[in-house]
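# Working through the structure, step by step
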Amino acid sequence: MKTINFRLVVVALIMVSITSLSCSSDDDNNQEQPDQQVINQIENNLINGSWRITKFIDSDEDETQHFTGFNFIFGTDGLLTAGNGSNTYEGSWSITDSDNSDDDNSTDDLDFNIEFNLSNDFEDLNDDWDIITQSSTKIELIDISGGNGGTDYLTFEKN
C-alpha cells in the first residue's frame with residue numbers, strides 16, 4: 001500500500017514538474033512582440049532608398065514647397081539626411097513605442113521622431129509624429145499640437 005501511494009506521489013510530482021516547465025509565462029520572450037515587428041517593417045521600408053516630402057501642412061498652412069527638391073535618406077544608424085544638390089542638412093530619426101501595451105499589431109502606439117538641430121524650415125519637422133498609414137512607398141504622419149490645438153500633416157513618398 002505504501003509502495004502504491006509513493007508511486008502515485010512520484011508520478012504526480014513528475015506531471016506537475018513537466019506541466020510547470022512547459023507552460024512558462026515567458027515562452028514568447030524569444031519572439032518579437034507585434035509592435036516591434038511593425039517598427040522593424042517600417043524601418044526596413046525607410047532605409048531602402050530616398051524619400052521626398054509630398055505633403056507638409058503646418059496648422060492648416062500648406063508648406064510643402066519649402067521641401068521641394070530635397071531628398072531624404074533615413075540611415076540605419078538613426079541619421080536623417082536631407083539634400084537638394086546645393087544644401088545638405090543632417091538630423092536624426094527613430095520610431096518608438098509610446099505605449100507599453102504589446103497586445104496589438106498596429107501603428108497606433110508608435111511615434112515617428114524627427115529632430116533637426118536647425119533654425120530654418122526643417123525645424124518645423126521636429127516632432128514625435130503619429131503614424132496614420134505606412135507602406136513600402138509612403139508614410140503619412142500627423143501631429144495634433146497640445147499648445148494651440150493645430151493639426152500638422154507630413155507625408156513622405158519614396159523616390
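Conventions we followed
Residues numbered from 1 in each chain as written. Predicted model: local features only at pLDDT ≥ 70, side-chain atom pairs only at ≥ 80, totals over all residues. Heavy atoms only, no water. Helix = DSSP H or I, 4+ residues; strand = E, 2+ residues; numbered from the N terminus. Buried < 20%, exposed > 50% of the residue type's maximum accessible area, 1.4 Å probe, protein only. Contact = heavy atoms within 4.5 Å. Areas by Shrake-Rupley, 256 points an atom, 1.4 Å probe, with all protein chains shown as cover. pLDDT = per-residue confidence, 0-100. Phe/Tyr/Trp six-rings, centres within 6.5 Å; stacked < 30°, edge-to-face > 60°. Lys NZ or Arg CZ within 6 Å of the ring centre and 35° of its normal. Polar contact = N/O pair within 3.5 Å; in protein donor to acceptor, adjacent residues only side chain to side chain. Pairing = 2+ DSSP bridges.

It is worth spelling out the overall build of the protein chain at this point. The secondary structure content of the protein chain amounts to two helices and nine strands. The N-to-C order of helical and strand elements in the protein chain reads α-α-β-β-β-β-β-β-β-β-β. The 159 residues of the protein chain split such that 31% are buried. Counting contacts in the protein chain only where the partners sit at least 6 residues apart, residues at least 24 apart contribute 46% of the total. Accessible area for the protein chain stands at about 9,700 Å²; split by element, carbon and sulfur atoms hold 47% of it.

Glancing now at the environment of Phe67. Locating Phe67 in the fold gives a position in the loop between β2 (61–62) and β3 (71–74). Separated by 16 residues in the primary sequence, Phe67 and Gly83 have C-alpha atoms spaced 9.6 Å apart.

Time to look at the confidence of the model for the protein chain. In low-pLDDT regions, the fine details of the predicted coordinates are not to be read closely. Of all residues in the protein chain, 70% attain a pLDDT of 70 or more, and the chain-wide mean is 82. Mean pLDDT across the elements of the protein chain ranges from a minimum in helix α1 (residues 2–22), with 57, to a maximum in β3, with 98. Every residue in residues 100–105 scores below 50 in pLDDT, and together they form 11 contacts with partners more than four places removed in sequence or on other chains.

This structure, assessed with the given rule, holds 13 aromatic pairs. Aromatic side chains Phe56 and Phe67 sit 5.5 Å apart centroid to centroid with 90° between the ring planes, which places their arrangement in the edge-to-face category. Placement of the pair is Phe56 in strand β1 (residues 51–58) and Phe67 in the loop between β2 and β3, with a sequence separation of 11 residues. Taking the relative accessible area as the measure of exposure, Phe56 reaches 0% and is therefore buried. What links up through ring pairs into an aromatic cluster is the set Phe56, Phe67, Phe70, Phe72, Phe74, Tyr89, Trp93, Phe112, Phe116, Phe122, Trp129 and Phe156. Of note, Lys55 hangs over the ring of Tyr153, and the distance from its end group to the ring centre comes to 5.1 Å.

All right, on to the side chain of Ser50 then. Here Ser50 is to be found in the loop between α2 (34–47) and β1. In this structure the side chain of Ser50 is engaged in a polar contact, spanning 2.8 Å, whose partner is the side chain of Asn159. What Ser50 contacts, discounting residues up to four positions off in sequence, is Asn71, Phe72, Ile73, Glu157, Lys158 and Asn159.

As judged from the six bridges shared by β1 and strand β9 (residues 151–158), these two strands associate in the antiparallel manner. Directly across from Arg52, in β9, lies its bridge partner Glu157. Both strand β8 (residues 138–144) and β9 contribute to a ladder of seven bridges, which runs antiparallel. In the sheet register, Glu140 faces β9, and the bridge partner there is Thr155.

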